Amino acid sequence: MPRGVARDHDEKRAALRKGAARYFARHGYDRASMTGAARECGVSKALIYHYYDSKEDLLFDILQSHLSELSESVEAAREDALAGLIHAILAAYADADAEHKLQLDALATLPPDMQKPLLDLQRGLVGIMSDALKAENPALTGDRLRAATMSVFGILNWFYMWNRPGKGLSRAEYADLATDFVRGGLVAL
């Protein structure tokens, strides 16, 4: 008779995703092993393989979970215009530095069929930000709108690299600064 799903199945998967994301981000996904991920998570390699068939499946689950949560946050803030989107994105990035680093560094290592749904989520995020920028400056179109949109993500995506929690601006203060910076730049375009 097959075993049922444990009551804490989702919590265990979330803990494995979090620990493995930290390990993969710190060591580089291409150099990381499932043995190392298990050690980081404080579990056996067999337990990780109980939840994931492969390292690729684990990476996909990390990225899919991260991008889905980010998409939900951004979608909920869509009506709050540019400032709301920037705050939502930076808030969603909180405590997700490892996942974010993997999104930037390791997504392309997945096979095309695994990349596609993740890239679709990214495109949705880019579309929402593009719409917000267009609402701020209706004259912005085409390649210039795309470049402006990607520039905003550039401003937001690297916050985790230089920010030291407890020093300098808080995440919310940086969101305010980034909003002012983007709005000022949009006026010049």
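What you see is a predicted model; the values in this text were computed from it and never measured. Per chain, the residues get numbers from 1 upward, laid out in the order the sequence is written. Local features in this predicted model are restricted to residues whose pLDDT is 70 or higher, and side-chain atom pairs enter the listing and the counts only when it is 80 or higher, whereas totals over whole chains, interfaces and linings include all residues. Side-chain descriptors were evaluated using all non-hydrogen atoms of the structure, hydrogens and water having been removed beforehand.

### Considering the nonpolar core
(1) Moving on: What we call a nonpolar core is a set of buried Ala, Val, Leu, Ile, Met, Phe, Trp, Tyr and Cys residues that are connected through their side-chain atoms within 4.5 Å. Each residue gets one of three labels from its accessible area relative to the maximum for its type: buried under 20%, exposed over 50%, partly exposed in between, using a 1.4 Å probe on protein chains only. The biggest cluster of nonpolar side chains holds 53 residues, and the ones touching the most others in it are Phe-24, Ile-86, Leu-102, Met-129, Leu-133 and Leu-156.
(2) Moving on: Under the scheme used here, helices are H or I runs from DSSP no shorter than 4 residues and strands are E runs no shorter than 2 residues, and both carry numbers assigned from the N terminus. Here this core gets eight residues from one element, more than from any other, and that element is helix α4 (residues 55–77).
(3) Moving on: The contact definition used throughout considers only heavy atoms, calling two residues in contact when any of these lie within 4.5 Å. Once residues lying within four places of it in the same chain are set aside, the contact partners of Leu-133 are Leu-82, Leu-145, Ala-148, Thr-149, Val-152, Val-182 and Leu-186.

### Re helix α1 (residues 9–27)
(1) Moving on: Expected helix span is given by 1.5 Å per residue-to-residue step, counting one fewer step than there are residues. Here α1 contains 19 residues, and its C-alpha end-to-end distance of 27 Å stays within 8% of the 27 Å for a straight helix at 1.5 Å per residue.
(2) Moving on: When we look at burial in α1, the residues that qualify are Leu-16, Arg-17, Gly-19, Ala-20, Ala-21, Tyr-23, Phe-24 and Ala-25.
(3) Moving on: On the buried face of α1, the contacting elements are α2 (34–41), α3 (45–51), α4 and α6 (97–105).
(4) Moving on: Downstream of α1 by a residue or two, Gly-28 has a phi angle that is positive, lying close to 90°.

### What to know about the pattern of salt bridges
(1) Moving on: What makes a salt bridge here is a side-chain nitrogen of Lys or Arg within 4 Å of a carboxyl oxygen of Asp or Glu, nothing more. For the structure on display, the rule yields 12 salt bridges.
(2) Moving on: Between Asp-120 and Arg-123 there is a salt bridge, with its nearest N and O atoms 3.0 Å apart. One end of the pair, Asp-120, and the other, Arg-123, are both in helix α7 (residues 112–136), three residues apart, so they sit about a helical turn from each other.
(3) Moving on: Owing to a relative accessible area of 52%, Arg-123 belongs among the exposed residues under this scheme.
(4) Moving on: In the salt-bridge network here, residues are joined through shared partners; they are Arg-13, Arg-17 and Asp-61.

### Quick look at helix α10 (residues 171–188)
(1) Moving on: In this model α10 runs 26 Å from its N-terminal to its C-terminal C-alpha over 18 residues, within 8% of the 26 Å that 1.5 Å per residue would give.
(2) Moving on: Listed in full, the buried residues belonging to α10 are Tyr-174, Ala-175, Ala-178, Thr-179, Val-182 and Leu-186. Projection of α10 onto a plane perpendicular to its axis shows the buried side chains occupying an angular sector of 140°, all on one side. Away from its buried face, by an angle of more than 90 degrees, α10 presents the exposed residues Asp-180, Phe-181, Val-187 and Ala-188. The arc in question is traced by the directions running from the helix axis to the C-beta atoms.

### Let's talk about the packing of aromatic side chains
(1) Moving on: When two rings of Phe, Tyr or Trp (its six-membered ring) have centres within 6.5 Å they constitute a pair, described as stacked for plane angles under 30 degrees, edge-to-face for angles over 60, and tilted for the intermediate range. For the structure shown, the criterion picks out five aromatic pairs.
(2) Moving on: Here Phe-159 and Trp-162 contribute two aromatic rings whose centre-to-centre distance is 5.1 Å and whose plane-to-plane angle is 85°, an arrangement assigned as edge-to-face. Taken together, the positions of Phe-159 and Trp-162, both in helix α9 (residues 159–162) and three residues apart, correspond to about one turn of that helix.
(3) Moving on: Site record: aromatic cluster; members linked through ring pairs are Tyr-23, Phe-24 and Tyr-29.
(4) Moving on: Two limits define a charge over a ring: the Lys NZ or Arg CZ must be within 6 Å of the ring centre, and within 35 degrees of the ring normal. A cation sits over an aromatic face here: Lys-55 above Tyr-29, 4.4 Å from the ring centre.

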